[in-house]
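# Overview (structure and organization)
Read off the chains here:
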Amino acid sequence: MWFGISASTVAQLLMLAQVSASAVVPAKSEDLCKATLSSAPPSAASGLAAEAAFLEAGEAAGRRGGGLSMLQLAASAQESLQLRRVLSARSRRSPGGAPISPVRNFKGVSMLCLQLPISEAFRREAANGMAFGLGQDPRPLELDDSGFAEVRIADFPDAQLGWKGTVGASEIENVPHRLLSVRLPILRGGEKMYQTVFALSDDDVAVLIYRMSSGIPAKLANISFPATASFPEGLGMNASRRSVNLFQAQNIRDVGEADPTSVEALFAYPEMNFGTELSNLLPLNSTKYDLVFKQLMTKATIANARKVDVELSIVDGSWDGFSWMLADSKPVNAWWVQADLEVTTTLVSEKRPTLGINPFSDALLNDRMLGEVLTEKEKPPKVKFAYTHGDVIWFTTKIDQKKVTPYLAPGLTLRSDEAVVWHVRWQPADILNMWGMKDSQHDYLDLEYNELWVTMPVTYRGRNFTYPILMLLDEDVGQMAGQDGGGCPKKLANLTYTFSPPPGQGSEVLLNVNRHERHVLNVTGKMSGITHKPIVGVNDNKDPAGEILFVMSHQFPWDPAVDRPKYFFVRGVQQTKEQRGLENLRVSYGADAPEPLAEWFVGEPIEGGYIRMNQDWLPSLDTPFDWQFEDVDPDEFVEWWKVAFPVLYM
């Protein structure tokens with residue numbers, strides 16, 4: 001089933017890949033809306049050469065010690081500085097009052113609940129400490145050998161998960177969705193619990209919120225569910241992702257009233273989820289001082305419960321699936337349940353292992369983040385850069401500083417009144433092969449996608465940086481890698497990107513971006529002659545202001561003094577093949593709260609252009625080492641998070 005990707009490869013290279021992979025879909029569809037790029041690759045023009053020093057540094061990164069990831073290189077550079085940070089951080093107080101209630105209610109939930117036998121393959125992974133995020137001896141979390149795997153597929157018509165604006169000061173927004181989850185029984189100090197190890201949802205807002213608030217590793221999928229309030233006699237359900245039908249339940253039959261004790265037991269035990277942020281996988285003291293788990297307690301008010309028979313088909317793809325966790329697809333028990341659920345989230349800290357990354361098996365790492373390859377394009381084997389054949393358009397525009405400032409992460413101030421907005425289509429990006437560290441014919445996951453960067457010029461502690469305030473893309477594997485690995489503020493969107501004729505003198509350019517039927521951005525223009533001026537934050541390999549600053553990560557601040565967000569500094573390294581001007585620029589912006597570009601920007605674009613380039617990433621080479629992974633002030637983070645909520649998740 002798996003392509004032989006090692007756990008260390010995925011854990012290391014996805015952390016490097018985070019800053020540039022991406023995608024959008026309608027709210028109830030997983031079919032990734034691939035934007036059209038009606039162009040043939042232009043011939044490589046002499047154009048701008050990337051700065052040799054950065055290229056050499058990047059290629060050297062691929063030759064060192066088996067290939068450290070960007071995140072690991074940055075972490076190792078400041079490991080010795082951590083002790084004083086630990087002492088300082090532990091003296092900080094928790095924010096006064098939780099930013100949102102830890103209790104969430106879901107009304108009118110309908111679900112099919114299945115218990116299935118656990119496979120020997122999964123039992124081996126658990127015995128080797130490769131299943132639940134803690135592999136040291138003695139193991140705080142162990143598989144409960146007496147239990148069953150639980151597969152649930154549910155409809156949530158009333159899920160008050162979102163906010164239309166600032167948290168606590170705006171209207172709560174319903175996020176109806178469907179969710180398939182796979183829970184495995186675990187023991188923590190003899191206490192019976194569960195952990196969700198695989199999940200799919202048909203709404204991308206729900207996906208983000210589950211991942212960032214509950215540690216549920218949800219991925220986007222198409223899920224069909226019976227549209228009936230009564231028992232779905234003879235009906236079925238289906239969950240597919242990236243063209244693979246992973247789960248089918250057919251011919252559901254009522255076989256009598258369910259035993260109340262058995263149904264109550266489905267909700268009686270806490271769920272302890274590892275969380276999805278990749279910083280939990282790094283060595284001691286690198287980015288988090290303890291391993292932070294999300295513990296969910298569910299109180300169910302049962303309206304109806306029936307015992308059922310059902311026929312199942314569970315299939316794995318090359319990168320996706322959970323059938324390998326199951327001994328077979330014949331349920332030991334099956335129920336149809338209708339209930340109101342009250343879910344309370346708390347944080348649990350476990351001591352981090354003293355050496356190495358926290359283990360997950362190859363299959364579980366893939367299941368948490370990856371997906372099937374959808375493009376036939378492959379990265380050229382001799383090209384070291386992970387991101388290739390990028391067609392970029394960019395423009396600068398004036399900022400309304402008063403309206404942008406509340407959306408800047410804590411500690412940041414604007415250093416200029418001009419922003420850079422740029423968009424790229426990678427053709428493709430091999431996100432598991434940063435700097436050619438791995439054999440591109442073996443460890444590969446080629447993605448072809450569009451990505452929009454909305455960046456602000458900022459100052460942090462007296463130094464200049466580029467701050468991505470919003471990123472939109474149409475590749476969900478890249479979105480998950482970016483959000484979890486580096487705090488990239490990535491959301492999915494529909495992006496249409498065309499050149500007519502192919503890129504060159506006189507080509508007409510169109511970029512249209514929308515999300516959940518909201519207009520976000522429309523750009524038109526005409527390509528003009530060759531230019532040579534590198535653009536800070538896009539393809540300038542020299543200006544320190546081009547260093548990128550992220551906040552890692554965007555987990556819900558249930559208690560940011562425990563689950564502490566960090567500053568993370570990186571540097572893009574570009575190899576420019578061709579650069580041209582862009583004239584007759586026309587831009588229109590949307591003004592909805594989740595993407596308020598019309599509020600942030602003023603007037604017509606100042607200038608714009610086109611770039612053809614390859615790209616890869618390094619840790620920041622100019623930022624002081626002791627700044628990497630510094631704590632964001634927890635109180636300031638909460639206040640920023642409340643304002644930024646719709647931009648981050650909705």
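Reading the values: the criteria
Residues numbered from 1 in each chain as written. Predicted model: local features only at pLDDT ≥ 70, side-chain atom pairs only at ≥ 80, totals over all residues. Heavy atoms only, no water. Helix = DSSP H or I, 4+ residues; strand = E, 2+ residues; numbered from the N terminus. Buried < 20%, exposed > 50% of the residue type's maximum accessible area, 1.4 Å probe, protein only. pLDDT = per-residue confidence, 0-100. Contact = heavy atoms within 4.5 Å. Polar contact = N/O pair within 3.5 Å; in protein donor to acceptor, adjacent residues only side chain to side chain. Salt bridge = Lys/Arg side-chain N within 4 Å of Asp/Glu carboxyl O.

This next bit is on the overall build of the protein. Secondary structure summary: the protein contains 12 helices and 27 strands in total. In the protein, which comprises 650 residues, the share counted as buried stands at 63%.

Before going further, it helps to examine unusual backbone geometry. Geometrically, the link from serine 500 to proline 501 is a cis peptide bond, its omega value of -5° lying close to zero. Its location among the elements puts proline 501 in the loop between β22 (494-500) and β23 (508-515). Its identity as a non-glycine residue notwithstanding, arginine 242 has a phi of 50°, on the positive side. Within the fold, arginine 242 resides in the loop between β11 (237-241) and β12 (244-257). The phi torsion at asparagine 584 lies on the positive side, around 55°, for a residue other than glycine. On the secondary structure map, asparagine 584 appears in strand β26 (residues 566-589).

Residue-level pLDDT values for the protein average 84, and 80% of them are 70 or greater. Counting interchain partners and residues more than four positions distant, the pLDDT-below-50 stretch residues 1-55 has 237 contacts. Taken together, the stretch residues 57-68 has pLDDT below 50 and engages in 22 contacts with residues farther than four places along the chain or on a different chain.

Moving on, we get to helix α6 (residues 204-214). Taken across its 11 residues, α6 has 11 buried, putting it largely inside the fold. Burial in α6 covers these residues: Asp204, Val205, Ala206, Val207, Leu208, Ile209, Tyr210, Arg211, Met212, Ser213 and Ser214. Where α6 begins, the capping side chain belongs to aspartate 203, and its oxygen is found 2.9 Å from the backbone nitrogen of valine 205. Remark: glycine 215 follows α6 within two positions and exhibits a positive phi of approximately 70°.

Where charged atoms from two side chains of opposite charge come close, those side chains can pair. Taken as a whole, this structure holds 37 salt bridges when the rule is applied. Ionic pairing is found between aspartate 631 and arginine 564, a salt bridge with its closest N-O pair at 3.7 Å. Residue aspartate 631 is located in the loop between β27 (601-619) and α12 (634-649), and its partner arginine 564 is located in the loop between β25 (548-552) and β26; the two are separated by 67 residues in the primary sequence. Both residues of the pair, aspartate 631 and arginine 564, count as buried. A salt bridge links lysine 566 to aspartate 631; the nearest nitrogen and oxygen atoms lie 2.3 Å apart. Of the two residues, lysine 566 sits in strand β26 while aspartate 631 sits in the loop between β27 and α12, which places them 65 residues apart along the sequence. You'll find lysine 566 and aspartate 631 in the same group, each marked buried. A cluster of three or more residues bridged by salt bridges with shared partners is formed by Lys219, Arg241, Arg242, Asp320, Glu475 and Asp476.

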